[in-house]
Amino acid sequence: MKRPIYLDTHATTPVDRRVLEGMLPYFCEKFGNASSIDHIYGNEAYSAVSKARLEIAKVIGCEPEEIIFTSGATESDNLAIFGIANKMKEKGNHIITSKIEHKAILDSCRHLELQGYKITYLDVNNNGEISLNDLIKEITSETILISIMSANNEVGTIAPLKEIGRIAHEKNIIFHTDAAQAYGHIPLNVIDMNIDMMSISGHKIYGPKGIGALYIRNRNPLVKLVPIIFGGGHEKGFRSGTLNVPSIVGLGIASELSRIEMNETSKKVSMLRDRLFNGIHSRVKVEINGSSKNKLPHNLNLYFEGVDAKALINEVKDVLAISTGSACNSEDMNPSHVLSSMGMEEDRAYCSVRFGLGKETTEEDIEIAIDKIVDVVTKLRSL
Ligand SMILES: *Cc1c(COP(=O)(O)O)cnc(C)c1O
């Protein structure tokens, strides 16, 4: 049986074959420990890790030494939040973030609240955008960190990173951004944008799962963190533990490919994304959730009035792999915190689905998707 067309790339992406090929030698032949460099095995591993660091640095315009490898964006987010909270508690106990962050940020902040920290969760408008005036108003002498995601994983909204960074730096506040959805998909530059820390994930850019990085600025300003994992002092003491060399190699290659192919891929996926929307829109009633312009090129989040998203996803599942994009499982039946924060009624949130296109998505996939969605929406509405 043919496998369904995959349109859920915000959840994860397949590993690019070129990434896999590049990783393979680092399992059985070049298996050395990157910190045991008295022989060729360790040296090979060390060089491979250095190359990966350089490739990541090239994507975001930083120095290779400013890249710390982690197990993924979740860990990077935790390290950024707890690392600053612990390091700077003498200076202040206030953090500003937004209501539409990933749970890796929100749950970390909730945990800090239990320890007495004060967290401001900025509102967003119905496009999923924060207000810079609100941000400025919320800053106090106690504010130690601003953490705002680069692009949202449900509606794809891109944050005004440069403006946020400028505001943060004017007030000498550290600016962290969760770039799991943006890194390798849209241009990012930590110098231009005044970004002090950035969380990155491998599996959102056709790299392996379980690998990521945190960019930590080392000058103007030098960012200091208390680690969350202690041990052998790897990664300048920020993150102990033997480096996952094959995955790091994979993240490096995925980063290189994303940098080289970014323009072409983003043109292609945004064209297909617009075609998907127009194809559906010309035949059934549908609305876009979030901004139709200020968003990731591969994102589309749609509201089908009167159509339960779970039912829609279930009805199309032999042909299309799509999701709501919110962590909505059997225990947690709340509507998406992102859509709710954007001011949507529960009904609308429950009738919304997310499409994530990828570099392997074809025109034919899109035509099939349009027909299937239109058929099922029409059928569910007639019931
Ligand atoms: C996927 C994602 C994460 C988590 O990344 P992992 O590498 O899977 O831990 C964090 N933030 C955002 C915005 C994401 O999309």
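Residues numbered from 1 in each chain as written. Predicted model: local features only at pLDDT ≥ 70, side-chain atom pairs only at ≥ 80, totals over all residues. Heavy atoms only, no water.

Colleague: Can you lay out the side chain of Ser352 for me, pointing to particular residues and giving the numbers?
Modeller: Here Ser352 is to be found in strand E12 (residues 352-356). For Ser352, a relative accessible area of 2% puts it in the buried group. A polar contact is formed between the side chain of Ser352 and the backbone oxygen of Arg348, at a distance of 2.8 Å. Beyond its immediate chain neighbours, meaning those up to four positions away, Ser352 contacts Asn289, Asn301, Leu302, Tyr303, Ala309, Thr324 and Leu339. (Helix = DSSP H or I, 4+ residues; strand = E, 2+ residues; numbered from the N terminus. Buried < 20%, exposed > 50% of the residue type's maximum accessible area, 1.4 Å probe, protein only. Polar contact = N/O pair within 3.5 Å; in protein donor to acceptor, adjacent residues only side chain to side chain. Contact = heavy atoms within 4.5 Å.)

Colleague: Quick one: what's the story with a nonpolar patch on the surface, residue by residue and with numbers?
Modeller: On the surface, Val15, Leu20, Leu24 and Phe27 cluster together into a nonpolar patch covering about 320 Å² of accessible area. As for its position among the elements, Val15 is in the loop between strand E1 (5-6) and helix H1 (17-23). Since its relative accessible area comes to 34%, Val15 is described here as partly exposed. (Patch = residues over 30% accessible without salt bridge, like charges linked within 9 Å, V, L, I, M, F, W, Y side chains within 5 Å. Areas by Shrake-Rupley, 256 points an atom, 1.4 Å probe, with all protein chains shown as cover. Salt bridge = Lys/Arg side-chain N within 4 Å of Asp/Glu carboxyl O.)

Colleague: Could you give an account of the packing of helix H8 (residues 245-281) against helix H12 (residues 363-382), with specific residues and numbers?
Modeller: Contact geometry for H8 and H12: axes closest at 9 Å, N-to-C directions at 25°. The pairing of H8 with H12 is recorded here as roughly parallel in orientation. Considering how the two elements wind past one another, H8 and H12 form a crossing that is right-handed. Contact residues: Met271, Leu272, Arg275, Leu276, Gly279 and Ile280 in H8; Glu363, Ile366, Glu367, Ala369, Ile370, Ile373 and Val374 in H12. Taken together, the residues that form the contact of H8 with H12 break down as nine nonpolar, one polar and three charged. (Axes fitted to C-alpha atoms, helices over the stretch in contact; angles between N-to-C directions. Parallel < 35°, antiparallel > 145°, perpendicular 65-115°, else oblique. Left-handed = near helix turned anticlockwise from the far one by under 90°. Nonpolar A, V, L, I, M, F, W, Y, C, P; charged D, E, K, R; others polar.)

Colleague: Lay out helix H9 (residues 309-316) with the relevant residues and their values.
Modeller: Residues of H9 that are buried include every one of Ala309, Leu312, Ile313 and Val316, and no others. The arc enclosing the buried residues of H9, seen along the axis, measures out at 95°, which places them on a common side. Residues of H9 that are buried sit in contact with strand E11 (320-321), helix H11 (346-350), E12 and H12. (Arc of directions from axis to C-beta.)

Colleague: Report on the pairing of strand E10 (residues 299-303), specifying residues and quantitative values.
Modeller: Most of E10 is tucked away: five of the five residues are buried. Burial along E10 is two-sided: Asn299, Asn301 and Tyr303 and Leu300 and Leu302, pointing in opposite directions, are all buried. Strand direction decides the pairing type here: strand E9 (residues 287-288) and E10, joined by two bridges, are antiparallel. Residue pairing across strands places Ile288 opposite Leu302, the latter belonging to E10. As paired strands, E10 and E12 are joined by five bridges and run antiparallel to one another. By the bridge assignment, Leu300 is partnered in E12 with Phe355. (Pairing = 2+ DSSP bridges.)

Colleague: Describe the sheet that holds strand E5 (residues 143-147), with residues and values.
Modeller: What the seven strands build is an open sheet, ordered E2-E8-E7-E6-E5-E3-E4; its pairing is mixed. Where the open sheet ends on each side, the last strands, each with one partner, are strand E2 (67-70) and strand E4 (118-122). Pairs of neighbouring strands in the sheet enclose a mean axial angle of 20°, with direction left out of account. Relative to strand E6 (residues 174-178), E5 is paired through three bridges, and the arrangement is parallel. Counted as the bridge partner of Ser147 is His176 from E6. In the packing of helix H5 (residues 103-114) onto the sheet, contacts are made with strand E3 (94-98), E4, E5 and E6, and the angle to E4 comes to roughly 145°. Relative to E6, helix H7 (residues 161-170) is tilted by about 155°, and along the sheet it contacts E5 and E6.

Colleague: Could you give an account of the pattern of salt bridges, with specific residues and numbers?
Modeller: With the rule as written, the count across this model stands at 23 salt bridges. The salt bridge partner of Glu363 is Arg275, with a shortest N-O separation of 3.3 Å. Here the residue Glu363 occupies a position in helix H12, and Arg275 occupies one in helix H8, the gap between them amounting to 88 residues. Glu363 gets classed as partly exposed once you look at its relative accessible area, which sits at 44%. A relative accessible area of 28% means that Arg275 is categorised as partly exposed. Residue Arg348 is joined to Glu287 by a salt bridge in which the shortest nitrogen-to-oxygen separation is 2.8 Å.

Colleague: Before we move on, could you go through the domain arrangement of the chain and cite the residues and values that matter?
Modeller: In terms of domains, the chain is made up of domain 1 (5-12 + 262-382) and domain 2 (17-256). Placing the centre of domain 1 and that of domain 2 at their C-alpha centroids yields a distance of 28 Å. At the interface, 27 residues of domain 1 touch 30 residues of domain 2. Buried surface at the junction of domain 1 and domain 2, both sides included, amounts to about 2,400 Å², of which 52% is carbon and sulfur. Of all residues in domain 1, Met262, Leu296 and Met342 bury the most surface against domain 2, accounting for 24% of the area lost on that side. Inspection of the domain 1/domain 2 interface yields zero salt bridges. Of all the secondary-structure elements, those providing two or more residues to the side of domain 1 that touches domain 2 are H8, E10 and helix H10 (337-341). No other element matches the four residues that H10 contributes to the side of domain 1 that touches domain 2. Looking at the side of domain 1 that touches domain 2, its residues break down into seven nonpolar, 17 polar and three charged. (Domains from an automatic or database assignment. Buried area = accessible area lost by both parts, 1.4 Å probe.)

Colleague: Pulling in residues and values, what's your account of the sheet that holds E9?
Modeller: Strand order in the open sheet formed by three strands is E9-E10-E12, with antiparallel pairing between adjacent strands. Pairing within the sheet leaves two strands with one partner each, and these edge strands are E9 and E12. In the packing of H8 onto the sheet, the strands contacted are E9, E10 and E12, and the crossing angle to E10 comes to about 15°.

Colleague: Can you explain the nonpolar core? Please cite residues and give values.
Modeller: Core analysis: the biggest nonpolar cluster contains 63 residues, and Ile60, Phe69, Ile146, Tyr183, Leu188 and Met198 have the highest contact counts within it. Sorting the residues of this core by element identifies H1, helix H3 (40-60), E2, H7, strand E7 (197-201), strand E8 (212-216), H8 and H10 as the ones contributing at least two each. The biggest single contributor to this core is H3, with eight residues. Residue contributions to this core reach at least three from each of two domains, namely domain 1 (5-12 + 262-382) and domain 2 (17-256). By size, the runner-up hydrophobic cluster in this structure holds 30 residues, among which are Leu302, Val307, Val316 and Ala369. (Core = buried A, V, L, I, M, F, W, Y, C linked by side-chain atoms within 4.5 Å.)

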